[in-house]
Amino acid sequence: MTNEKEPTLTREGFRDDILHHLKYTVGKDRHHASVYDWRLALSYALRDRIVEPWFASTKATWDNDYKRVYYLSMEYLIGRILEDAAINLGLKGLAAAALLDLGQDFDVIALDEPDAALGNGGLGRLAACYMESMATLGCPGYGYGVRYEHGLFRQRFEMGQQAETPEDWLSQRHPWEFERPESNYTVRFKGHMEERHGKTVWVPGETVIATAYDTPIVGWEGRWSNTLRLWGAKPTTLFDLERFNRGDYAAAAAPETLARTITRVLYPDDTTYAGKELRLKQEYFLTSASIKDILRRYLESHDDITELDKHIAIQMNDTHPALAGPELIRLLVDRHDLPFEQALEISQNVLGYTNHTLLPEALERWSTWLMGSVLPRHMQIIEKIDAAHLKANPARPASIGIVRNHEVHMGELAFVMANRVNGVSALHTELVKSQLFPALDKLHPGRVINVTNGVTPRRWLKLANPGLADLVTETIGEGWEADLDRLEELVPHIEDNGFREAFMAVKRANKAEAAHWMKVKCGIEVDPDAMFDVQVKRIHEYKRQLMNVFETIAQWHEIKKNPEGDFVPRVKIFGGKSAPGYAVAKEIIHLINDVAEVVNNDPDMRGRLKVIYPPNYNVTMAERLIPAADLSEQISTAGKEASGTGNMKLSLNGALSIGTLDGANVEIRERVGAENFFLFGMTAQEVIERRKNVNHAREAIEASQALKDVLQLIAEGRFSPNQRDRYHGLVHRAWNSDYFLVTSDFTDYQRAQAEVDAAFLDPDRWARMAALNTAKMGFFSSDRSIRGYMENIWGARSAL
Ligand SMILES: *Cc1c(COP(=O)(O)O)cnc(C)c1O
């Protein structure tokens, strides 16, 4: 699609735009404007530039009747928007220059923006990358989500322990969205069913209004723009005047309370199933409003509802929006009078399901009692779907069934309702077939396919690492941002000394900047020439931050035993939040902070070992730390990390990985070459075998003096001198259960870490390996992922 060429925007023109918004939109005089005021003015000036391509994209989609893709996700971990929008519009340089004329600093203003943290971790960040890539590729579509009043909590450390405070990104004006009070839908809950004139009618007990807030998502070079539509909740009646007048104030305010509650908070955990009524209501709130909006839009330009599957595709990001199936059937049957069988078939043709986890505790199940009371009509429909599936597959083994043991299994529901189910890395997809849904996979061969995750290079290279981005452009020319495979053209340059020096100079500058930030943030001085060894991600047992801490303690112990020895200086950098109710993860956080306290205050460690754990890891911190990383810790228990995307971001920014054969690590290693990846640990199959030995932990510890010492030091209270028994439980579990096999993989991990040290001692070799990581990451662009979805799942075509 080509736009009318706009008159060229000049520095003066853009300066005037900013001043106009400062005065007329923000209502501030330039001499009294704060950074916040300038940020709003700049945001509005930039947003104006998105509106044209946004309208043009919408119009082109209507005019050409393009197939539309709808991405349903309970989470979007977006981060800051301003700089990303400026870069995609090609206006960052101009904006910075215009601001300079006004005595303002672009970077300061960009950093004033709070992160939009409507997600927990990888799953939500993936949705954000995918929205950006869909816009870049001109894939006509919408993202649908929930406009949480409070996103992911803010993390602080109090005496080394995680404390949570609410996040309040909406307490300030949010300049990127447009409220759409005219786009609203009533969402129903509870109540009962009645038969009226041969039709089943759902008489709801509670209702709430979903109202739309639209944020335009602009792609690279502003060629296409899609919409992220987030649903806010409003009460159906402001309050019940009759009840109010009778003095029953609490009951009178019930609709308002329900509305406020539904979009109040993001559930701060996507790795465990929460059997909570509010969570179910949130999921249905998103799903119902979105499906109604999708049908409304379809019927505005089509008459025949049975042709729906030719014109739209709906993707379910995990099972959280899996009520999309029953909801679509309900609307087709109850409102559009289609027979159930036809409604089922149309719905299946429209839906796709992305599975994100193999952790059994994360698979959503709802008791039939709860489902039946919150969504009585859906419970009926789910039973009909299950019965129809059984009838169509009489050989279906008893082990499957959407409804089993008085529970609705959302994974099975999503699988049965989708025409394509996808895993998110090659290994994960194999495990989805062989371990998670083996029986369903046999019944529906070919339904499960792979789409390996990706990350957007606009944010994770161009924005986060301008130094490296500029070096790439100088070396291979422009255009790699939307064609990341071109990074491969760097390979011949790696032989060039000058290139390697420039590459490492960028890394050194990023490390110096990060070191300065850590000094300000944590009060700890680190040497930018030490190895920056980074593990940033949610804190979870399967991700095995504990193994990293054990290794840190072992290293500390080595240095203590041999204070005159030669050691490769390392800065161990951790970042990540634990779910508030996840006690074991919180204990790991406490231990990391306790170890940091001892290590950082030990004179023997000077110039050798530091441990840094800045609180409140989020997208903005990721953008800071990832470009400064030398080593990327991707050390999950094999078979547990579905894909990972942090691994891709770090490699793209020239960090070497130390990792297991898990998730997308397998594919990263294939591409960078085995000699450029520090592999260790058991394979997914070996993990299963190992667990059969009930003494695995004890045997592993007995076989390693270093590990035995580590556990002894922790047990003695060396890192918790004011509470020596603090970690008795942790040490006991390491000896006796250790489900995630930290102890069994520890010795091999240490071996790999020694190899890392050896490589780091040879700067030239390290530079080659690091540059090769960047050069080989083209495959992991989310543009490649989205092309895969468009071709193999959505049947959608680019409008560009
Ligand atoms: C990329 C990212 C994640 C996901 O990291 P993994 O290492 O894949 O778990 C989580 N949080 C933030 C803020 C991210 O940017």
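Computed from a predicted model, the values in this text were never measured in an experiment.

S.K.: What should I look at first to understand the overall build of the chain in this one?
M.R.: Each helix and strand counted, the chain has 33 helices and 24 strands in total. Compactness check: the chain gives a C-alpha radius of gyration of 27 Å against a globular reference of 28 Å for 800 residues, within 12% of the reference. With respect to the principal axes defined by its C-alpha atoms, the chain has extents near 90 × 70 × 60 Å. A total of 800 residues make up the chain; the buried ones form 60% of that total. A separation of at least 24 residues holds for 77% of the contacts in the chain among residues at least 6 apart in sequence. Charge separation in the chain, taken as the distance between the mean sites of 94 positive and 112 negative side-chain charges, equals 3 Å.

S.K.: What is the right way to look at the confidence of the model for the chain in this model?
M.R.: Caution applies to low-pLDDT regions: their predicted coordinates should not be interpreted in detail. For the chain, per-residue confidence averages 96 on the pLDDT scale, and residues scoring 70 or more make up 99% of the total. In this model residues 1–5 is a low-confidence stretch, pLDDT under 50, and it forms 10 contacts with partners more than four residues away in sequence or in other chains.

S.K.: Would you mind going over the site of the ligand with me for this structure?
M.R.: Lining the immediate environment of the ligand, one finds 15 residues, of which K537, K543, T645, G646 and K649 sit closest. Within the side chain of K537, a nitrogen or oxygen atom sits 2.7 Å from an oxygen atom of the ligand. One of the side-chain N or O atoms of K543 is found 2.7 Å from an oxygen atom in the ligand. Within the complex, the protein chains bury 96% of what would otherwise be the 390 Å² of accessible surface of the ligand.

S.K.: Sorry, what's going on with unusual backbone geometry here?
M.R.: Most peptide bonds take the trans form, and the phi angle of most residues other than glycine is negative. Residue D65 is not a glycine yet carries a positive backbone phi of 50°. Along the polypeptide, D65 turns up in the loop between α2 (35–64) and β1 (68–72). With a phi close to 50°, N405 is a non-glycine residue in the positive phi region. Along the chain, the position of N405 falls in the loop between β15 (403–404) and β16 (407–409). Note on N405: relative accessible area 65%, which makes it exposed.

S.K.: Before we go on, may I ask you to explain the pairing of strand β11 (residues 225–235) in this structure?
M.R.: On a regular strand, each side chain points to the face opposite its neighbour's, so the side chains alternate between the two faces of the sheet. Burial runs high along β11: 10 of the 11 residues are buried. Here five bridges tie strand β4 (residues 141–146) to β11, and the two strands are oriented parallel to one another. Bridge assignment links V146 to a residue of β11, and that residue is W231. Sheet topology note: the strand β10 (residues 206–218)/β11 ladder contains 11 bridges and is antiparallel. For Y213, the partnering residue across the bridge sits in β11 and is L230. With antiparallel pairing between neighbouring strands as the criterion, β10 and β11 make up a hairpin whose turn holds six residues, including E221 at a positive phi of roughly 65°.

S.K.: What am I meant to see in the packing of aromatic side chains here?
M.R.: For any pair of aromatic rings, geometry is given as the distance between the ring centres together with the angle between the planes. Following the criterion strictly, the structure yields 23 aromatic pairs and no others. One aromatic cluster is present, formed by Y70, Y142, Y144, Y185 and W231 through successive ring pairs. Sitting over the ring of Y213, R147 keeps its end group 3.8 Å from the ring centre. Here R691 stacks its cationic end above the ring of Y739, 3.8 Å away from the centre of that ring.

S.K.: I would appreciate a short explanation of the pairing of strand β5 (residues 154–158) in the present structure.
M.R.: Bridge analysis of β5 against strand β6 (residues 161–165) gives five bridges, and the strand direction is antiparallel. Counterpart to R154 in the pairing with β6 is T165. The antiparallel hairpin formed by β5 and β6 contains two residues in its connecting segment, where M159 sits at a positive phi of about 50°.

S.K.: Before we go on, may I ask you to explain the sheet that holds β16 in this structure?
M.R.: Paired through backbone hydrogen bonds, the strands of a sheet run either parallel or antiparallel to each other. As summarised here, the arrangement of the three strands in space is β14-β16-β15, forming an open sheet in which the pairing is antiparallel. Strands at the two margins of the open sheet, each flanked by one partner only, are β14 (365–367) and β15. Note that β14 and β16 share three bridges and pair antiparallel. Bridging across to β16, S367 finds its partner in E407. Lying on the sheet, helix α16 (residues 410–417) is in contact with β14, β15 and β16; it crosses β16 at an angle near 45°.

S.K.: Help me understand the domain arrangement of the chain in this model?
M.R.: How big an interface is tends to be stated in terms of accessible area lost as the parts join. Domain annotation for the chain reports domain 1 (1–64 + 85–114), domain 2 (65–79 + 115–453 + 785–794) and domain 3 (525–780). Each of domain 1 and domain 3 has a C-alpha centre, and the two are 42 Å apart.

S.K.: Any chance you could explain the sheet that holds strand β17 (residues 420–423) here in plain terms?
M.R.: In spatial order, the strands read β7-β10-β11-β4-β1-β12-β13-β17-β18; together these nine strands make up an open sheet with mixed pairing. Unpaired on one side and paired on the other, β7 (178–189) and β18 (448–450) mark the two borders of the sheet. Looking at each pair of strands side by side, their axes are set apart by 25° on average, direction ignored. As paired strands, β7 and β10 are joined by nine bridges and run antiparallel to one another. Its bridge partner being in β10, Y185 is matched across the sheet by A210. The strands touched by α16 are β12 (312–317), β13 (351–354), β17 and β18; relative to β13, the strand with the most contacts, the crossing angle is about 140°.

S.K.: Explain empty space enclosed by the protein to me, please; I cannot follow it from the model alone.
M.R.: Regions of empty space are outlined by a rolling probe, equal in size to a water molecule, passed over the atoms. Per the stated rule, a full pass over the model turns up seven cavities of 30 Å³ or more. As a volume, the largest cavity reaches approximately 230 Å³. The wall of the largest cavity is formed by 20 residues, among which I78, I81, D84, I217 and R459 lie closest to the centre. Contributing elements (two or more residues each) for the lining of the largest cavity: β2 (76–79), α3 (82–88), α6 (122–137) and β10. Here the lining of the largest cavity is built from residues that sort into 12 nonpolar, three polar and five charged.

S.K.: Any chance you could explain the packing of helix α1 (residues 11–24) against α2 here in plain terms?
M.R.: In helix packing, the relevant descriptors are the interaxial angle and the interaxial distance, both defined with respect to the helix axes. Two numbers describe how α1 lies on α2: the axes approach to 8 Å, and their chain directions differ by 120°. Taken together, the axes of α1 and α2 lie oblique to each other. Seen along the crossing, α1 lies across α2 with a hand that is right-handed. Taking contact as the criterion, the partners of F14, D17, I18, L19, H21 and L22 in α1 are, on α2, D37, W38, A41, L42, Y44, A45, L46, D48 and R49. Class assignment for the residues of the contact of α1 with α2 results in 10 nonpolar, one polar and four charged.

S.K.: Even after reading the chapter, I still don't get the nonpolar core, so can you show me in this structure?
M.R.: Inside soluble globular proteins, nonpolar side chains tend to come together where they are buried. If you look at the biggest cluster of nonpolar residues, it comprises 244 residues, and the most contacted ones within it are I18, L42, M371, I385, F550 and W794. Residues within four places of F550 in sequence aside, it is in contact with L707, V710, L711, I714, L730, V742 and F746. Among the nonpolar cores identified, the runner-up in size contains five residues, and A638, A684, V687 and L741 belong to it.

S.K.: Would you take a moment to explain the pattern of salt bridges for this structure?
M.R.: Side-chain pairs of opposite charge can arise where the charged atoms are in close proximity. What the rule picks out here adds up to 64 salt bridges. E412 serves as the salt-bridge partner of R404, at 2.5 Å between the closest nitrogen and oxygen. On the basis of relative accessible area, E412 is assigned to the buried category, the value being 11%. Members of the salt-bridge network, linked through shared partners, are R180, D214, R229, D293, R296, R297 and E300.

S.K.: Would you explain the environment of W366 in this entry?
M.R.: Mapping W366 onto the fold places it in strand β14. Take W366: its relative accessible area is 0%, and that puts it in the buried class. Remark: the alpha-carbon pair of W366 and H409, spanning 43 residues in sequence, is separated by 6.8 Å. Filtering out sequence-adjacent residues up to four positions away, W366 remains in contact with Y273, A274, G275, K276, R279, L280, E283, M371, H406, E407, V408 and M410.

S.K.: Would you take a moment to explain the side chain of S744 for this structure?
M.R.: The topology assignment puts S744 in helix α31 (residues 742–760). There is a polar contact of 2.9 Å between the side chain of S744 and the side chain of R690. Residues in contact with S744, not counting those within four places in the same chain, are M682, R690, H696, A700 and D738.

About the cut-offs
Within any chain, residue numbers begin from 1 and follow the written order of that chain's sequence. Local features are withheld for residues below a pLDDT of 70 in this predicted model, meaning they are given only at 70 or higher, and side-chain atom pairs are given and counted only at 80 or more; totals for whole chains, interfaces and linings count all residues. Working from all heavy atoms in the structure, the side-chain values ignore hydrogens and water. Only runs of H or I of at least four residues qualify as helices and only runs of E of at least two qualify as strands under DSSP, and these elements are numbered from the N terminus. In this setup the radius of gyration rests on C-alpha atoms only. A globule is expected at 2.2 Å times the number of residues raised to 0.38. The cut-offs for exposure are 20% and 50% of the maximum accessible area for each residue type, with area from a 1.4 Å probe on protein chains only; residues under the lower value are buried, those over the upper are exposed, and the others partly exposed. What makes two residues a contact is simply this: any of their non-hydrogen atoms within 4.5 Å. Positive charges are assigned to Lys and Arg, negative charges to Asp and Glu, while His and the chain termini are left out of the count. Throughout, a charge is located at the NZ atom of Lys, the CZ atom of Arg, the CG atom of Asp or the CD atom of Glu. Known as pLDDT, the predictor's per-residue confidence is scaled from 0 to 100. Near, as used in this document, describes a residue that has one of its heavy atoms within 4 Å of the molecule or strand being considered. Polar contact criterion, stated in full: a pair of N or O atoms within 3.5 Å, where within protein one must be able to donate a hydrogen and the other to accept it, and residues adjacent in sequence count only if both atoms are side-chain atoms. Using the Shrake-Rupley algorithm and a 1.4 Å probe, accessible areas are obtained, with residue cover drawn only from the displayed protein chains. Here, any two strands with at least 2 DSSP bridges between them count as paired. Only Phe, Tyr and Trp rings take part, Trp by its six-membered ring, and two of them pair if their centres are within 6.5 Å. Stacked means planes under 30 degrees apart, edge-to-face means over 60, and tilted covers everything else. Criterion for a charge above a ring: Arg CZ or Lys NZ at most 6 Å from the ring centre, at most 35 degrees from the ring normal. Structural elements are reduced to axes, namely lines fitted to C-alpha atoms, with helices fitted over the stretch in contact, and the angle between N-to-C directions of any two is expressed from 0 to 180 degrees. How far each domain reaches was decided by an automatic or database domain assignment. Definitions used throughout: a 1 Å grid over protein atoms alone; a cavity as a set of points that fits a 1.4 Å probe which cannot get out; a pocket as an open set with protein on both sides within 12 Å along at least five of seven lines; a lining residue as one with an atom within 4 Å of a point. Grid points are joined across faces, edges and corners, and a volume is the space filled by probe spheres set on the points. Amino acids outside the nonpolar list (Ala, Val, Leu, Ile, Met, Phe, Trp, Tyr, Cys, Pro) and the charged list (Asp, Glu, Lys, Arg) are all regarded as polar, and Gly is one of them. Each angle receives one of four descriptions, namely roughly parallel if under 35 degrees, roughly antiparallel if over 145, roughly perpendicular if within 65 to 115, and oblique otherwise. Left-handed describes a crossing whose near helix is turned anticlockwise from the far helix through less than a right angle; right-handed describes the clockwise counterpart. What is meant by a nonpolar core is a set of buried Ala, Val, Leu, Ile, Met, Phe, Trp, Tyr and Cys residues, joined one to another through side-chain atoms within 4.5 Å. Basic side-chain nitrogens of Lys or Arg form a salt bridge, by our definition, when they fall within 4 Å of a carboxyl oxygen of Asp or Glu.

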